[in-house]
Amino acid sequence: MTTAVVLQASGPNALGIVRSLGRAGVPVVAADHDRRALGLLSRYARPAITADPLSSPRSFVDDLLRLGHDLGGSRPVLFATHDEAIAAIGAREDEVDAVFRRPWSPWGRMEHVLDKAHQHAAARRIGFPVPATVEPRDEHDVAHAGRELRFPVILKPRSAPEFRRRFRAQVLRADDADALRRAYAHAAPYDPQICEVIPGDDSHLWTLGSYRDAGGERLGSFTGRKLRQWPTGFGTARAAEARWDPALAERCHRLLDELEFHGISQVEVKRDPRDGRDHLIEVNPRSWLWIGLATACGVNLPYTCHLDAIGAPAPRRWGHPDGRRWVLSAKHLVGSAREIRRREWTVPAFLGSLRPPVADGVIDLRDPRPAMAYARLLHRRG
Ligand SMILES: Nc1ncnc2c1ncn2[C@@H]1O[C@H](COP(=O)(O)OP(=O)(O)O)[C@@H](O)[C@H]1O
Ligand SMILES: [Mg+2]
């Protein structure tokens, strides 16, 4: 069987792919710049070290090519978990494609898909709702946004990694025109969008997770929603549940059609409680944090992608049973205790988020080493 190489294998996202492939019998290599990265500790993966694609994209690709040559045999299949590796590979796609199978759209298209302004433009063309947004070029446009948009608003970078490192947050929130002006002064180098906030708690954040082949065929489709994020409001999932919504899947696939997208992706929307309409939050043109939940529901997107990449017939999966849940227990307990104390969340909602069947994104008795390393990490952070 052809080997799979999971890139930037640092967290639950990569672990979800490693376990989904390993349990299906695929030999897996997990690569990261940090040898303590969780994916490298899985019993289903052999570890490999590469440079960090964000700080050293050239060395990252050099390391990757060397790894591909060392693995020999038939070209291994690449799996991306974060945008940085996609961008680094994009700059040297021909070299990478000579050594690996790269089951996602070519860089000429991917470059646009990674840009939030381009995602919004594609959504608008097909009538897919997007939050009211201004793309400012200068302070003048920001002042205009302050008059046109309803507060609160957020500033979102058009492409995220550097922004996230600098501000240690995914977005900056502004509750009035003054705060917006100040936030823009900090964020301007990252080319931010200014978006109206869609109200409602985290459970209004719905996802289509899918794999589409090079012709845009929908080989695997899963939908679900977040229950709670870390931090709440503007963060990443710490609890989520599977809920099949075929109408949502259809609408989100139409957006992926418009983007001519090939690969694994997550389309995230927020269901506006005022009118029930799903507004685009973003398209992640790769795997996402809780992809393991799709596999647990029988929609094994990494394996489907792998089979397709090696030219083997891949079973089609459109939908799944409801109700299975996914959590990051440690974050979920700490966050929930704090929010319940502050009356920002309720005990019944917390218990509901843990109703079986539920699986942790890291802790897994069949593959315990990542959880032990995770516990040590949390302990060190205090
Ligand atoms: N317009 C919006 N209204 C409400 N929440 C939003 C909006 N945009 C983003 N968010 C929240 O912020 C989080 C991060 O935004 P996202 O667009 O996913 O940025 P990133 O590229 O950093 O993942 C989302 O998961 C969502 O919870
Ligand atoms: Mg996001």
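Residues numbered from 1 in each chain as written. Chains lettered and ligands numbered in written order. Predicted model: local features only at pLDDT ≥ 70, side-chain atom pairs only at ≥ 80, totals over all residues. Heavy atoms only, no water.

**Q** What am I meant to see in the nonpolar core here?
**A** The tendency in soluble globular proteins is for nonpolar side chains to be buried side by side. In terms of nonpolar packing, the biggest core is built from 42 residues, with V6, F79, F222 and W290 touching the most fellow members. For this core, the element with the most residues is helix α1 (residues 12-22), which contributes 5 residues. Each of two domains, domain 1 (4-102) and domain 3 (202-381), supplies a minimum of three residues to this core. With residues near it in sequence (within four places) discarded, F79 still touches A4, V5, V6, L7, I17, L21, W104, I264, P302, C305 and H306. Core analysis: the next-biggest nonpolar cluster, separate from the first, contains 41 residues, V99, V113, L208 and V267 among them. (Core = buried A, V, L, I, M, F, W, Y, C linked by side-chain atoms within 4.5 Å. Buried < 20%, exposed > 50% of the residue type's maximum accessible area, 1.4 Å probe, protein only. Helix = DSSP H or I, 4+ residues; strand = E, 2+ residues; numbered from the N terminus. Domains from an automatic or database assignment. Contact = heavy atoms within 4.5 Å.)

**Q** Please clarify how the site of ligand 1 should be interpreted in this entry.
**A** Lining the immediate surroundings of ligand 1 are 20 residues, of which K116, K156, I198, Q229 and E282 lie closest. Between R164 and ligand 1, the recorded distance is 3.0 Å, taken from a side-chain N or O atom to an oxygen atom. A distance of 3.1 Å separates an oxygen atom of ligand 1 from a polar atom in the backbone of G233. Relative to its free-state accessible area of 540 Å², ligand 1 is covered by the protein chains to the extent of 96%. Of all the elements in the fold, those that place two or more residues in the shell around ligand 1 are β6 (153-157), β10 (218-230), β12 (263-271) and β13 (278-284). (Near = heavy atom within 4 Å. Polar contact = N/O pair within 3.5 Å; in protein donor to acceptor, adjacent residues only side chain to side chain. Areas by Shrake-Rupley, 256 points an atom, 1.4 Å probe, with all protein chains shown as cover.)

**Q** Teacher, can you tell me more about the state of the cysteines here?
**A** Covalent bonding between the sulfur atoms of two cysteines is what defines a disulfide. Scanning the entire structure with this criterion turns up 0 disulfides. Counting only cysteine sulfurs, C252 is the nearest neighbor of C195, a cysteine outside any disulfide, at a range of 17 Å. The exposure class of C195 is buried, given its relative accessible area of 2%. Classification of C252 by relative accessible area gives buried; the value is 0%. (Disulfide = S-S within 2.5 Å.)

**Q** I keep staring at helix α12 (residues 301-309) and nothing clicks. Help me out?
**A** Along an α-helix, residues three or four positions apart point the same way, because every turn accommodates 3.6 residues. The element α12 is extensively covered by neighbouring structure, given that 7 of its 9 residues are classed as buried. When we look at burial in α12, the residues that qualify are L301, P302, T304, C305, H306, L307 and A309. For α12, the N-terminal capping position is held by N300, with its side-chain oxygen 3.0 Å away from the main-chain nitrogen of Y303. Just beyond α12, the residue with positive phi is G311, at close to 80 degrees.

**Q** I keep staring at the environment of V77 and nothing clicks. Help me out?
**A** Within the secondary structure, V77 sits in strand β4 (residues 77-79). A sequence separation of 124 residues divides V77 from D201, and the C-alpha atoms of the two residues are 38 Å apart. Setting aside anything within four residues of it in sequence, one finds V77 in contact with T2, T3, A4, V5, R101, P103, H306, A309 and I310.

**Q** Any chance you could explain the pairing of strand β8 (residues 192-196) here in plain terms?
**A** A regular strand places its side chains so that they alternate between the two faces of the sheet. Within β8, 5 of the 5 residues are buried, leaving the element largely enclosed by the surrounding structure. Here β8 shows a buried face lined by P192, I194 and E196 and a second buried face lined by Q193 and C195. Alignment of strand β5 (residues 133-134) against β8, held across 2 bridges, turns out to be antiparallel. Residue pairing in the sheet places V134 in a bridge with I194 of β8. As judged from the 5 bridges shared by β6 and β8, these two strands associate in the antiparallel manner. Its bridge partner being in β8, V153 is matched across the sheet by E196. (Pairing = 2+ DSSP bridges.)

**Q** Whenever I open this one, the confidence of the model for the protein chain confuses me. Can you help?
**A** Atom-level detail of predicted coordinates should not be read off regions where pLDDT is low. Of all residues in the protein chain, 99% attain a pLDDT of 70 or more, and the chain-wide mean is 96. Summarising per-element confidence for the protein chain, the mean pLDDT is lowest in helix α8 (residues 161-167) (83) and highest in strand β9 (residues 205-212) (99). (pLDDT = per-residue confidence, 0-100.)

**Q** Sorry if this is basic, but what is going on with the domain arrangement of the protein chain here?
**A** One widely used convention gives an interface's size as the accessible area the parts lose upon coming together. For the protein chain, the assigned domains read domain 1 (4-102), domain 2 (132-196) and domain 3 (202-381). Computed from C-alpha coordinates alone, the two centres of domain 1 and domain 2 are separated by 34 Å.

**Q** Explain unusual backbone geometry here, please?
**A** Both trends apply: most residues other than glycine have a negative phi, and most peptide bonds are in trans. Here the amide bond leading from W230 into P231 is cis, since omega sits at -10 degrees, within 30 degrees of zero. A cis geometry characterises the amide bond from P356 onward to P357, with omega recorded as -5 degrees. By secondary structure assignment, the location of P357 is in the loop between α14 (347-353) and β16 (358-360). In this model, R168 sits at a positive phi of 50 degrees, which is unusual for a non-glycine residue.

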